[in-house]
Amino acid sequence: MTALSPHLRQATPVVAVRGEGVHLDGEDGRRYLDFTAGIGVTSTGHCHPRVVAAAQEQVATLVHGQYTTVMHPPLRRLVDKLGEVLPRNLDSLFFTNSGSEAVEAALRLARQATGRPNVLVCHGGFHGRTVAAASMTTSGTRFRSGFSPLMSGVVVTPFPTAFRYGWDEETATRFALKELDYTLQTISPPADTAAVIVEPVLGEGGYVPANRAFVQGLRERADRHGFLLILDEVQTGVGRTGRFWGHEHFGVTPDILVTAKGLASGFPLSGIAAPEELMRKAWAGSQGGTYGANAVACAAACATLDVVRDEKLVENAETVGARLRRGLEAVASRTPAIGDVRGMGLMLASEFVTADGEPDPETAARVQRAAVDEGLLLLLCGAWNQVVRMIPALVIDEAGVDEGLRAWAAAVEAGTSGAAGR
């Protein structure tokens, strides 16, 4: 008998048979409030009628038109629609399937365009599981261990993770930028540095937002030294943070933007955007792929972008996200085991700590399991899996947030009882 790999362990015991909006129906007959959204993928909710209709129509018309062989209308429409939401200078697009592939495409473009070998990555970042993407990932050893040697040319520089350092944000930011300058002076000289890549909010690294001073500092150094700024918007893009792109919070424009996850409401699609002048510097044959820009995925992405615009889901992420954050902070205020609440928009997290302030993955796991009993599906993240994250679909309303907060409060109470005495 065959079976799935034993390492493909589900975060919850739920067997989902149907999805609608922010809810999943389990094989057990119970309805669950889904605050995972397929790890931030089902941006318009499960089975949004307009996305379903677009995909159904496309399946009956053309399933796969390989995009370096033939062009198809959904891809042309998607390029036009993304042009409406991308920064004006990011006018050239390349599509592939997953976030990891898009990150590697961005890296390849940066190295080919600059002729430089090294890439700077921020400590705590997650960029994927393929060899190059894993080599750039420092959010946890589980993503990069056991298949060395990893790709060379990766240099790690600090991220302003204020809570971990025990500093205020200004101090953490000043430290991170000062260490970046030291790195450029001692490890990766500008002449060898192709790019710096960063997530606007660390994902697997613990849902830690960057800030304006830090990202603007990266932009200034990239301009001064002639390397590129790559923003990995795989998880933060398409409205997740209360802006269409996470970098819009910081007043900068990247040289290369990476997108995936919420772009197509669950269909596999990713891509990079860059100025045409930069994209032309990619070497011939370096961009392609069999399934990239699949016609059905592109049709779903077009419908997704229409729904995000028409239903004002970016604005909803900001306003409803603020309500969710207030609720999380209220629970944290009476729970010593929660050391920090942070995030942006509908990308929020609570970090669990021991009485002496150390990461507490055991309590985080108990709370996450208790939430399932309350009908709420959540995921963990952070280097020790000590952080519980919330990423509901952007269609969630105030009633859904309140439902989730009631379940969260009950789960925290159940999961932390007795924790203070350990």
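Each remark here, short or long, concerns the structure printed above.
Residues numbered from 1 in each chain as written. Predicted model: local features only at pLDDT ≥ 70, side-chain atom pairs only at ≥ 80, totals over all residues. Heavy atoms only, no water.

Visitor: Even after reading the chapter, I still don't get the packing of aromatic side chains, so can you show me in this structure?
Guide: How two aromatic rings sit relative to each other is given by the distance of their centres and the angle of their planes. Taken as a whole, this structure holds seven aromatic pairs when the rule is applied. Seen from their ring centres, Phe159 and Phe214 are 5.5 Å apart, and the 70° between their planes marks the pair as edge-to-face. Separated by 55 residues along the polypeptide, Phe159 in the loop between strand 6 (154–157) and helix 6 (162–165) and Phe214 in helix 8 (residues 212–225) bring together distant segments of the chain. Among the residues examined, Phe159 registers a relative accessible area of 1% and is labelled buried. Relative accessible area serves as the criterion here: at 1%, Phe214 is assigned to the buried category. Taking 5.1 Å as the distance between ring centres and 75° as the angle between the ring planes, the aromatic pair formed by Trp167 and Phe175 counts as edge-to-face. Taking relative accessible area as the criterion, Trp167 reaches 37% and is therefore assigned partly exposed. Through a chain of ring-to-ring contacts, the aromatic side chains of Tyr165, Trp167 and Phe175 assemble into a single cluster. A cation sits over an aromatic face here: Arg164 above Tyr165, 4.7 Å from the ring centre. (Phe/Tyr/Trp six-rings, centres within 6.5 Å; stacked < 30°, edge-to-face > 60°. Helix = DSSP H or I, 4+ residues; strand = E, 2+ residues; numbered from the N terminus. Buried < 20%, exposed > 50% of the residue type's maximum accessible area, 1.4 Å probe, protein only. Lys NZ or Arg CZ within 6 Å of the ring centre and 35° of its normal.)

Visitor: I tried to follow the packing of helix 11 (residues 313–333) against helix 13 (residues 398–416) on my own but got confused; where do I start?
Guide: In helix packing, the relevant descriptors are the interaxial angle and the interaxial distance, both defined with respect to the helix axes. Axis separation between helix 11 and helix 13 bottoms out at 10 Å; the angle between their running directions is 20°. Taken together, the axis directions place helix 11 and helix 13 in an arrangement best described as roughly parallel. Of the two elements, helix 11 crosses helix 13, and the hand of that crossing is right-handed. Residues Val320, Arg323, Leu324, Gly327, Leu328 and Val331 of helix 11 pack against Glu398, Val401, Asp402, Leu405, Trp408, Ala409 and Val412 of helix 13. Residue classes in the contact of helix 11 with helix 13 are distributed as nine nonpolar, one polar and three charged. (Axes fitted to C-alpha atoms, helices over the stretch in contact; angles between N-to-C directions. Parallel < 35°, antiparallel > 145°, perpendicular 65-115°, else oblique. Left-handed = near helix turned anticlockwise from the far one by under 90°. Contact = heavy atoms within 4.5 Å. Nonpolar A, V, L, I, M, F, W, Y, C, P; charged D, E, K, R; others polar.)

Visitor: I'm lost on the side chain of Thr304 in this one. Help?
Guide: By secondary structure assignment, the location of Thr304 is in helix 10 (residues 295–310). Judged by its relative accessible area of 0%, Thr304 falls in the buried class. In terms of polar contacts, Thr304 uses its side chain to reach the backbone carbonyl oxygen of Ala300, at 2.8 Å. (Polar contact = N/O pair within 3.5 Å; in protein donor to acceptor, adjacent residues only side chain to side chain.)

Visitor: Looking at this structure, I do not really get the sheet that holds strand 11 (residues 338–344). What am I missing?
Guide: Two orientations exist for strands paired in a sheet by backbone hydrogen bonds: parallel and antiparallel. The sheet built from four strands is open, its strands ordered 11-12-15-14 with antiparallel pairing. With partners counted over all chains shown, the strands left at the sheet margins are strand 11 and strand 14 (379–381), one partner each. Here the average twist between neighbouring strands, direction ignored, is 30°. By the bridge criterion, four bridges tie strand 12 (residues 347–352) to strand 15 (residues 387–390) in an arrangement that is antiparallel. The residue of strand 15 that forms the bridge with Ala349 is Arg389. In this fold helix 11 packs onto strand 11, strand 12 and strand 15, with an angle of close to 175° to the strand it touches most, strand 11. (Pairing = 2+ DSSP bridges.)

Visitor: Help me understand the side chain of Thr157 in this model?
Guide: With respect to the helices and strands, Thr157 occurs in strand 6. Filtering out sequence-adjacent residues up to four positions away, Thr157 remains in contact with Val121, Cys122, His123, Ala176, Glu179, Leu180 and Thr183.

Visitor: Explain the environment of Phe126 to me, please; I cannot follow it from the model alone.
Guide: Here Phe126 lies in the loop between strand 5 (118–122) and helix 5 (131–135). What makes Phe126 buried here is its relative accessible area of 18%. Through-space distance from the C-alpha of Phe126 to that of Pro359 is 19 Å; in sequence the pair is 233 residues apart. Once you skip the residues sitting within four places of it in the chain, Phe126 turns out to touch Thr137, Ser139, Phe143, Glu199, Glu204 and Asp232.

Visitor: What should I look at first to understand the pairing of strand 2 (residues 23–26) in this one?
Guide: Two faces make up the sheet, and in a regular strand the side chains alternate between them. In strand 2, alternate side chains face the same way, and those of His23 and Asp25 on one face and Leu24 and Gly26 on the other are all buried. Across four bridges, the pairing between strand 1 (residues 16–20) and strand 2 is antiparallel. Paired with Glu20 across the strands is His23, a residue of strand 2. Where strand 2 meets strand 3 (residues 31–34), three bridges bridge the pair, whose relative direction is antiparallel. What sits directly across from His23, in strand 3, is Leu33.

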